[in-house]
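The primary structure of each chain is shown beneath.
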Amino acid sequence: MENKNHWKGLDELQEDPAFIEARDKEFKDELPVEEILESSFIQKSHSRRDFLKFLGFSVTAATVAASCRIPIKKAIPYVIKPEEIVPGVANYYASTFCDGNDFCPVLVKVRDGRPIKIEPSTSRHIADNSSNRFFFGGTSARAQASVLSLYDTTRPKNPTVSGHPVTKQNLAGTDAEVRTKLQDLKNANGNIRILTPTIMSPSTKAVIADFITMYPSTKHIAYDPISYAGIAIAHEKAFGKRVIPGYHFENANVIVSIGADFLGTWISPVEFARQYVQNRKVSAKKTEMSKHYQIESRLSLTGSNADKRAVVKPSEEAVAVLALYNKLSGNSSGSNLNARADQLLTQAANDLLANKGKSLVISSSNDSNVQSVVAAINNMLGNYGSTINLNLYSNTHQSSDKDVASLFEEMNSGSVSALIVYGANPVYDHWNGKGFAEAMKKVQTTISLNDRADETSAECKYHFPDHHYLESWNDFSPRNGLYTMCQPTIWPLYQTRQAQETLLRWMGKTDDYVTYIENNWKQNVYPRQTMYGDFQTFWDNCVKEGAVEITSAEEPASGSTGDVTSAVAAVSQLAGKSGGMEVSLYEKIGAGNGRYANVPWLQEMPDPVSKVVWDNYVAVSPKFAKDNHLEMNVVEHWSDVVNVKVGNISVELPIYVQPGQNDTSVSIALGYGREKAGRSGNKIGTNVFPLLMSNGETTLYYNAAVSITKANKHYPMAITQTHFSFEGRDAIIETTLGNYKKNPNEDVENKEELKKLWAQTLYPTQDFPAIKWGMSIDLNSCIGCGACAVSCQAENNVPVVGKTEVRRVHEMSWLRIDRYFSFPSDNGMLTKENDIHIDNISKSKVPDFQDVQVVFQPMLCQHCENAPCENVCPVSATNHSSEGLNQMAYNRCIGTRYCANNCPYKVRRFNWLDYTTADVFPWNEPWKIPGMNLENPGMTDAVTRMVLNPDVTVRSRGVMEKCSFCVQRLQESKLTAKKEGRPLKDGDTRTACQTACPTEAIQFGNVLEENSVVRNDHDDARGYYVLSELNTRPSIVYMKKVRNTDEKVATYVNREAKES
Amino acid sequence: MNPESYIRPPLIHGTKTYEQITNDIARAVEAKPSRLWWIVTSITGLVFLWGLIAITWTIWFGIGTWGLNRTIGWGWDITNFVWWIGIGHAGTLISAILLLFRQKWRVGINRSAEAMTIFAVICAAMFPLFHMGRIWLAFFNFPYPNSRGPVWPNFNSPLMWDVFAVSTYFSVSLMFWYTGMIPDIATIRDRAKKKIAKWFYGICSFGWVGSAKHWQRHESLSLVLAGISTPLVLSVHTIVSFDFATSVVPGWHTTIFPPYFVAGAIFSGFAMVLTLMVITRKVLNLEDYVTVDHIESMNKIIILTGSIVGCAYLTELFTAWYSQNPYEQYAFANRALGPYYWSYWSMMTCNVISPQLFWVRKLRRNVWFTFFMSIVINCGMWFERFVIIVTSIHRDFIPSSWAMYSPTWVEISFFLGTLGFFSTAFLVFAKLMPVIAMAEVKHILKTSGEAQKKAQLAEVRMHAAHGSQEAQVIPQPI
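Notes on the structure in this doc start here. Since the structure is predicted, the reported quantities are computational estimates derived from the model, not experimental observations.

Before going further, it helps to spend a moment on the overall build of chain B. A count of helices and strands for chain B gives 17 helices and 0 strands. Along the longest, intermediate and shortest principal axes, the C-alpha atoms of chain B span 85 × 55 × 45 Å. Out of the 478 residues in chain B, the part that is buried amounts to 59%. Within chain B, residue pairs in contact and separated by at least 24 positions form 82% of the contacts whose partners lie at least 6 positions apart.

Listed by partner, the interface residues are 58 residues for chain B and 64 residues for chain A. On the chain B side of the contact with chain A, F61, R70 and R134 of chain B bury the most area, a combined 16% of that side's loss. Linking chain B with chain A are 3 salt bridges. In this structure, R70 of chain B and E811 of chain A form a salt bridge, with 2.3 Å as the shortest nitrogen-oxygen distance. Applying the counting criterion to the chain B and chain A interface returns 39 residue pairs in polar contact (both at pLDDT 80 or more). Mapped onto the side of chain B that touches chain A, the elements with two or more residues apiece are helix 2 (35-61), helix 6 (158-191), helix 8 (212-245) and helix 11 (326-337) of chain B.

A few words now on the sheet that holds strand 12 (residues 359-363) of chain A. Residues and elements named next belong to chain A. An order of 11-10-9-12 is seen for the 4 strands of this open sheet, with the pairing classed as parallel. Looking along the sheet, the strands with just one partner apiece sit at the ends: strand 11 (308-311) and strand 12. Averaged over all pairs of adjacent strands, the angle between strand axes in this sheet comes to 10°, irrespective of strand direction. Bridging between strand 10 (residues 291-296) and strand 11 involves 4 bridges; their strand directions are parallel. Residue Y293 lies in a different strand from strand 11, and its bridge partner there is K308.

Another aspect to go through is the side chain of T804 of chain A. With respect to the secondary-structure elements, T804 of chain A resides in helix 29 (residues 803-807). Within the structure, T804 of chain A has its side chain in polar contact with the side chain of E935 of chain A (distance 2.8 Å).

For the rest of this paragraph, the subject is the pattern of salt bridges. Scanning the model with the defined rule gives 64 salt bridges over all chains in all. Notably, a salt bridge pairs R1043 of chain A with E734 of chain A, separated by 3.0 Å at the nearest N-O pair. Residue R1043 of chain A is located in strand 43 (residues 1041-1043), and its partner E734 of chain A is located in strand 32 (residues 734-736); the two are separated by 309 residues in the primary sequence. K772 of chain A is the salt-bridge partner of E865 of chain A, the closest N and O atoms lying 3.7 Å from each other. Taken together, the residues span a long stretch of sequence, with E865 of chain A in the loop between strand 35 (853-859) and helix 30 (868-872) and K772 of chain A in the loop between helix 27 (748-758) and strand 33 (773-778) at a distance of 93 residues. Given a relative accessible area of 26%, E865 of chain A falls into the partly exposed group. One salt-bridge network, in which partners are shared between bridges, spans D293, E296, R361, R364 and R365 of chain B.

It is worth spelling out the sheet that holds strand 16 (residues 462-463) of chain A at this point. Residue and element names in this part refer to chain A. Pairing is mixed across the open sheet formed by 7 strands, whose spatial order is 5-4-16-15-14-6-7. Both outer strands of the open sheet, strand 5 (164-165) and strand 7 (218-222), are each paired with one neighbouring strand and no more. Note: strand 6 (residues 191-196) against strand 7, 5 bridges, orientation parallel. Each residue of the ladder has a partner; that of I192, found in strand 7, is T218.

Take empty space enclosed by the protein next. Residues and elements named next belong to chain A. The space that makes up the largest cavity amounts to roughly 760 Å³. Forming the boundary of the largest cavity are 45 residues, of which C98, D99, G100, D451 and R595 lie nearest the centre. Secondary-structure elements contributing two or more residues to the lining of the largest cavity are strand 1 (91-99), helix 7 (141-150), helix 17 (426-429) and strand 17 (474-476). Per element, the largest residue contribution to the lining of the largest cavity is 4 residues, and it comes from helix 7. Class assignment of the residues belonging to the lining of the largest cavity gives a composition of 18 nonpolar, 18 polar and 9 charged. Quantified by volume, the second largest cavity comes out at close to 460 Å³. Along its surface, the second largest cavity is lined by 29 residues, and G259, E317, S364, L585 and Y701 are the ones closest to its centre. Counting residues per element, the ones that place at least two in the lining of the second largest cavity are helix 13 (316-328) and strand 20 (582-586). Ranked by the residues each element gives to the lining of the second largest cavity, the list is headed by strand 20, at 3 residues. Its residues placed into classes, the lining of the second largest cavity shows 13 nonpolar, 10 polar and 6 charged.

Turning to the side chain of R819 of chain A, a few remarks are in order. Residues and elements named next belong to chain A. Note on placement: R819 falls in strand 34 (residues 816-822). For the buried residue R819, which engages in no salt bridge, the nearest side chain bearing the opposite charge is D607, 7.3 Å off. From its side chain, R819 meets the backbone oxygen of V609 in a polar contact 2.6 Å long.

This paragraph deals with the packing of aromatic side chains. What the rule picks out here adds up to 78 aromatic pairs over all chains. Centre to centre, the rings of W342 of chain B and F383 of chain B are 6.4 Å apart; their planes meet at 85°, and the pair counts as edge-to-face. Within this pair, whereas W342 of chain B is found in helix 12 (residues 341-353), its partner F383 of chain B is found in helix 14 (residues 367-393), the two being separated by 41 residues in sequence. One aromatic cluster in this structure is built from W76, W83, W84, Y340, W342, W382, F383, F386, F415 and F422 of chain B. Here the guanidinium or amino end of R729 of chain A rests over the ring plane of Y330 of chain B, the centre of that ring lying 5.1 Å away.

Scoring rules and cut-offs
Residues numbered from 1 in each chain as written. Chains lettered and ligands numbered in written order. Predicted model: local features only at pLDDT ≥ 70, side-chain atom pairs only at ≥ 80, totals over all residues. Heavy atoms only, no water. Helix = DSSP H or I, 4+ residues; strand = E, 2+ residues; numbered from the N terminus. Buried < 20%, exposed > 50% of the residue type's maximum accessible area, 1.4 Å probe, protein only. Contact = heavy atoms within 4.5 Å. Buried area = accessible area lost by both parts, 1.4 Å probe. Salt bridge = Lys/Arg side-chain N within 4 Å of Asp/Glu carboxyl O. Polar contact = N/O pair within 3.5 Å; in protein donor to acceptor, adjacent residues only side chain to side chain. Pairing = 2+ DSSP bridges. Axes fitted to C-alpha atoms, helices over the stretch in contact; angles between N-to-C directions. 1 Å grid on protein atoms, 1.4 Å probe; cavity = no way out; pocket = protein on both sides within 12 Å on 5 of 7 lines; lining within 4 Å. Points joined across faces, edges and corners; volume = space filled by probe spheres on them. Nonpolar A, V, L, I, M, F, W, Y, C, P; charged D, E, K, R; others polar. Lys, Arg positive; Asp, Glu negative; His and termini not counted. Phe/Tyr/Trp six-rings, centres within 6.5 Å; stacked < 30°, edge-to-face > 60°. Lys NZ or Arg CZ within 6 Å of the ring centre and 35° of its normal.

This is the structure we're talking about:
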């Protein structure tokens, strides 16, 4: 075999010399090298023709060569690959976001060891609405943004003593030093105080209890900057249980909220939002929805969603509670509320009486007497046991304002020897923060366990920074009966230590905290459940699933035993007090009570109601602004500054003219004006915690003696939406419940006609062979909270641009929530700019600006089938996929911006500057441009960039971008289905905005699939397309808003007027 | 050239010989540049340099240094583009269309009008180029074969047509202008005394010797180019108008745009020719060649095109009302009464009302008034483009996204820079090349020169003295 010789021809076989010569030559013919070198071609001058040839070739070659940019990629393989990590594949870990009083069970998406996204928990105890007692299955903007705070470079990097860093080697020595001090104090019986916010964690409570056992002179004091102690005190008086009860909005047919912003910030908003919409969604099958009355002083997110709303002064909220009590108990004594509020209460009282046991009355007041009356009302209506649950009470707010006050006294009298602060920041967020700082100076040993170098930590001698929650083990119990786990998802970035572990060290214990939790659960939680037979299985399941429910026997709700008459008398006393201007102080939905000041995503998240970013302000009513000659110029983005004076405290703040605000009061958000929040959060807005007042028992979130004077100054304001009215256009379609019941198929003919018209085109329509992605957005469920917008920002690497750039209308949000005002009157035309102009207030035809209706509309790329952006792009950088996506090829985009001009929905975003530092040139970062004075929001350093989603391209300067329907998720879901060898199911594919939504207002899927949720919504009579008359054929269908009100609503009337 | 009636006023004043014409026109080229020329050119050159700094700034830091935003994607950039390209229309109109219509008066102004076209188109082209987010990828606009598979530009997009429309227009105009100049350059070469000038004009004249064959080829080439450029006059601005007309934006989406834009372009182009010629004829003492009659003729075209533009404005308003389309109606109400009302009313005043003053013969023939009006019209036409672009998109369909726009120093400097470039280029041109087509003027001397007219008149008078009938129609000399 081996010797066998193959030959291809006779000449080869015979080894013909000519053949051999030819075989050994690479080229058949002689290369004319010599000839060329010696010829005239090189040596002689050339013709013009040759010159042009050379020129043409070299220019083309240079262009082609120069345009081939080769990206540098560095890939370092694992030496030993961790079992669970596959590069490029994300892992999800069940955990719990809990920061102060905010609580949210979550899944943490981890890519290659980096947490990059927060998703809602999928635990069966939480996510399943149909059978659940607990409704935590959504997320808030704060939970979404919490992943960014992990990569905050201004977190403390190591423990400090008097500001000097403690190295890893010296930590044990410093621990010993503190321990000696504590031992000495124990021996000398010196007072030790631990100051924390509400502790929702049972194991942390156990650690503190152990600490107290070891150092018996220790006392634990819970302090919440926003206190709900009034409710707990009232329930203690009435039912003997000092708890905030669990509320169940899903069971209520009538909801009356007096000042409580339960969808925005009140107690547990994510939970309440999900409960609330259970009874707000309507369809042709279910045409019933709850009726929501709201009485408040400012326009809150909740008030914006209310069916009926009236305004009163902050102090009059107590009067309103009393008036409602009187109306319900048949007491006809009149209230001195304004006519509209009084009329609304009468209506509400009738509805409440008709829905006994199926209603809910709540109040935001922190006055225990007011809350006693509220409890009495609910008791009278039989709501305890149905919409209010005293067994599954809430653990989110357990502080007592009295304890903090006595701590103050103790500290001032010098009787406190050591103060340990864990998670609290009273120097900033107590009404007497300065006083607290002074009092701290009288304490010998001050220790901070806060995870930030905040205002309070700065006053402490020792600072042992805590881990971020994504680096920690912990457990939580937000409601009695529900336990959730928190597990680390990344190795600690800095030299920090879990606070509980620090306390354990000082007790001389060497356990790590996770072992402590495990032991604690073995003793206290495991025995109370019946599902699992052995502890290890139980524990493993808890860690895996993230939550466990402990069913305990329901105690019957005991009847109220409280003395309501004295409470009523006390509230009547309050009622007489209101005099001049008042200020209501509230928490922002984004930046909260100041805790999230250093999270740029939350600072740049537009306030759902005002759409202001990066600031707090004095919200005044249009009438007040006009009477006091105050101006807000939304065109030039500035507003007048006012002096707000309470006693001898005065603060300067810009105004914001807020329709829906009460004329005789103003409102200001707490949580701004941080001094030591970190790089992005310092000196944003003004701190108004000093304006709070106390009634001796609890802190009150308003102040009744305010004077407001105009300061002759302008202040630059950044507002993302500067036009408030929808001009009576069909972008928003609303109806009333009465109308909807009468004719659920109201708009069906219009829609059919529309489809017929759409078909009238000369151009061929595109075929979608298998999938056409589509979305539906239910305007009835959307409460406008903004969680989707932050989720989108996290998922899609949407840059933060900073306040000045927002003022220049350069915000980059792919998903925004449009907020429009209208009047609930019959006069539908009053949605037009000229009519609602502030100068028309005195004219009779303009109704009361305090009385407005609000509608929220999430607006994102509509992925039009017939997209106006696509045919105008000169280079086809934006084009249509075979699955119905309007897609952007970033590499192809040359940035002519015609697509953005031609987008009727204005959802395209251009990278005006190098916001993400995607370019290779470090010197052209926006904040380095001379003369522009742009602030750096702190998103571009290497550590913060770890939050970027590796599945999504970081767009460079000069490129257009927009919502992609989370195309990376769509691909992933298709691949998963393919790997599992099955067709794609409805619900497999979920976009980032959809998963984040606490109210399930956003649905996504394949429109071609029979009976998919989106398909049904697209076919539903309530569904409509925005700007459908343009024949853009959007892939997003909006479900028209149904208001549970008998009055006609603005657009509806307008449409009728047009038709007639 | 056919003999012309003596009733028509002469197009060349004074009793000129061919040599005199050469002397008059070539004088400006051959004389040393005056101090004034140096001062003015330095100033305009500095302004141009300032514009270059603004362009560099834009490329270095990004379009974010401009005042554009989320809602308003085009502002001064495209306004200036359309404005300049409009100005660039007069040259070709005069060269080609007036040639076809045998309008002899064009020879006094065609050379500088064509030069103006070239420079204006260069200025215009800078804006769409530098307004791109990633100018380094501008070549994506061209359908070049590439290794990325079948990646072609989008032939549906008017922006891509723009690339071809503008570049074709530029190259044809450039050829036309230069071809026309060759005989004149040869004249200057022959008269040049300095070696360097001889060498420079020698190269530029492409070896022209004025042989019959040269003239024959020159004439045929001119005719061919005139044939090519005539449709271009209409096509370029038509395609520029498609940049707006093919969109869905209320105020842009209008079928009236092509004729309306072309008329507007001629309107502004003539205004700019007037601005330049009024100065040039004075500075270079060329009043004999660019006469008041020339100015009057151009003013007549201004009345015509201005009225067409005015009609278009009113038609737009009528259509908006008649359509009963709420977006369209709002767009036009917003133009007139919205926050940018000042630009709308500036446009209306400058473009519709003020040109009507030219119905008065005295004003039409007043050089100073003409100069003033030419500036007014140039401003008015700038406002027209601003109104169309900015006020349409700043408030379109979804009210939540309505916004305002104002330019930054970078955009303003960029615009000033193009003005600087335009002026510098024209000044340098006026110094290096004859601003009036010598050969063509000589061409009409025998038919439209003052001496010829006088001779004709004398002959008629002679006949009259002999009792001829024609005596009754002897006109008064003008």
